[in-house]
Amino acid sequence: MKSGLLQNKGVVVTRPKEQAGDLIDALKAAGARPILFPAVQIEAPENWQSLDDALRRLEIFDWVIFTSRNAVAFALSRLQSLNLPWPQGPRVAAVGRETAKALREFGLQVDLVPKKFSSEGLLDSVELAEMQQRHVALFVGDQGRELLEKVLGERGAQVDKVLCYRRTLPGANPTPLLHAWARGELDAVILTSPEIFKNFYQMVGGLGQRWLKNTSLMAISPLTAEAITAVGLPEPWVAPEASTEGLMKALESWAKSRSSADE
């Protein structure tokens, strides 16, 4: 990023604290002031039966698809706690770069990462075009999209949807954030899923919702952008890819536009 464009800009990061490190580091390196305000809490499933059953019969699947870093963390940590090996049989797919990175950190080979980091990108892959008589394990969280399950089923696959984690609304106090907003210290908000946006919108209340109309928003994907505009907010800046790098590119475009407007 061009030096100085984000200098001292207050940027709200709404990812869970455990997953915000890369983005916070990138913002600091660019001179920004990251403001962490997690708008989702990631928790273990209420019971482990579905996940445990899938982990104990991994060898029966042709494909195992991970839809997020959270799915990787909960599924593979559980695999380790059960003292189970990863079998040779199934091929492994990740919905995006960061999910693939998390899989490799657990020592797994990733056979498929789409060029476009999204469910749609994964479905566009040649490897998943013909799925007749294929058995797929889809490792997901609650409240997720149904697209992969639906389309793979339409292509002839038997899809086992495996719940790995739950998303809940944090109980964080928004008052310090609202005070920073009132002092003019908040320049942009990064939103990394439709669920995170909806939670954030609820958490900041009526006052924050009014300020959001005049605050630059960065959406990680078109789907997140749709959730933002659905409540009447202006079009956000959309990352060219669903990754930390993509979000930083969106911020760069926003910062350049502001710099040009000020000249």
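Structure's up top.
Along every chain, residues carry numbers that run from 1 in the direction the sequence is written. Restriction of local features to residues with pLDDT of at least 70 applies here, the model being predicted, together with a cutoff of 80 or more for giving and counting side-chain atom pairs; totals for whole chains, interfaces and linings are based on all residues. Just so you know, side-chain values use all the structure's heavy atoms and leave hydrogens and water out.

Turning next to the sheet that holds strand β7 (residues 158-168). In spatial order, the strands read β3-β7-β6-β4-β5; together these five strands make up an open sheet with mixed pairing. Every other strand in the sheet has two partners, leaving β3 (41-43) and β5 (91-94) as the edge strands with one partner each. Averaged over all pairs of adjacent strands, the angle between their axes in this sheet comes to 25°, without regard to strand direction. Only strands that DSSP links by at least two bridges are regarded as paired with each other. The secondary structure listing takes helices from DSSP runs of H or I that are at least 4 residues long and strands from runs of E that are at least 2 residues long, numbered from the N terminus. Pairing geometry for β3 and β7, over three bridges, is antiparallel. In the strand pairing of β7, I42 is matched with R167. Those strands touched by helix α2 (residues 49-56) are β6 (135-141) and β7, and its axis lies near 135° from that of β7. Whether two residues touch is decided by their heavy atoms; if any such pair falls within 4.5 Å, the residues are in contact. Here an axis means a line fitted to C-alpha atoms, over the contact stretch when the element is a helix, while the angle between two N-to-C directions is reported on a 0 to 180 degree scale. Contacts from helix α6 (residues 147-154) reach β4 (63-66), β6 and β7, with the element oriented near 180° to β7.

Counting 26 residues, the largest nonpolar core has F66, W86, L103 and F139 as the members making the most contacts within it. Of all the elements in the fold, those that place two or more residues in this core are α2, β4, α3 (69-81), β5, α4 (97-105), β6 and β7. For this core, the element with the most residues is α3, which contributes six residues. With residues near it in sequence (within four places) discarded, F139 still touches L51, A54, L55, L58, V64, I65, F66, T67, A71, A75, V162 and C164. Buried Ala, Val, Leu, Ile, Met, Phe, Trp, Tyr and Cys residues that are joined via side-chain atoms within 4.5 Å together make up what is termed a nonpolar core. A simple rule labels every residue: compare its accessible area, found with a 1.4 Å probe on the protein chains alone, to the largest value its type can have, and call it buried under 20%, exposed over 50%, or partly exposed in between. By size, the runner-up hydrophobic cluster in this structure holds 24 residues, among which are V12, Y201, L212 and L217.

Listed in full, the buried residues belonging to helix α1 (residues 21-29) are L23, I24 and L27. Mapping the buried residues of α1 onto a view down its axis gives an arc of 100°, with all of them on the same face. Every exposed residue of α1 that faces more than 90 degrees away from the buried side is listed here: D25, K28 and A29. Looking one or two residues beyond α1, the residue adopting positive phi is G31, at roughly 90°. The directions considered for the arc are those from the helix axis to the C-beta atoms.

Salt bridges, as used here, are contacts in which a Lys or Arg side-chain nitrogen is within 4 Å of a carboxyl oxygen on Asp or Glu. For the structure shown, the criterion picks out 16 salt bridges. The salt bridge partner of D187 is R258, with a shortest N-O separation of 3.9 Å. Taken together, the residues span a long stretch of sequence, with D187 in the loop between α7 (175-182) and β8 (188-191) and R258 in helix α11 (residues 244-262) at a distance of 71 residues. Overall, D187 belongs to the buried group, its relative accessible area being 15%. By relative accessible area, which is 33% here, R258 ends up partly exposed. Counted as one network, the salt bridges with shared partners bring together R15, R69 and E98.

Moving on, we get to the environment of E235. Note that E235 resides in the loop between α10 (222-230) and β10 (237-238). Each C-alpha atom of the pair E235 and R166 lies 29 Å from the other, and the pair is 69 residues apart in sequence.

Turning next to the side chain of S119. Positionally, S119 belongs in helix α5 (residues 119-123). Residues within four places of S119 in sequence aside, it is in contact with V95, R145, L147 and L148.

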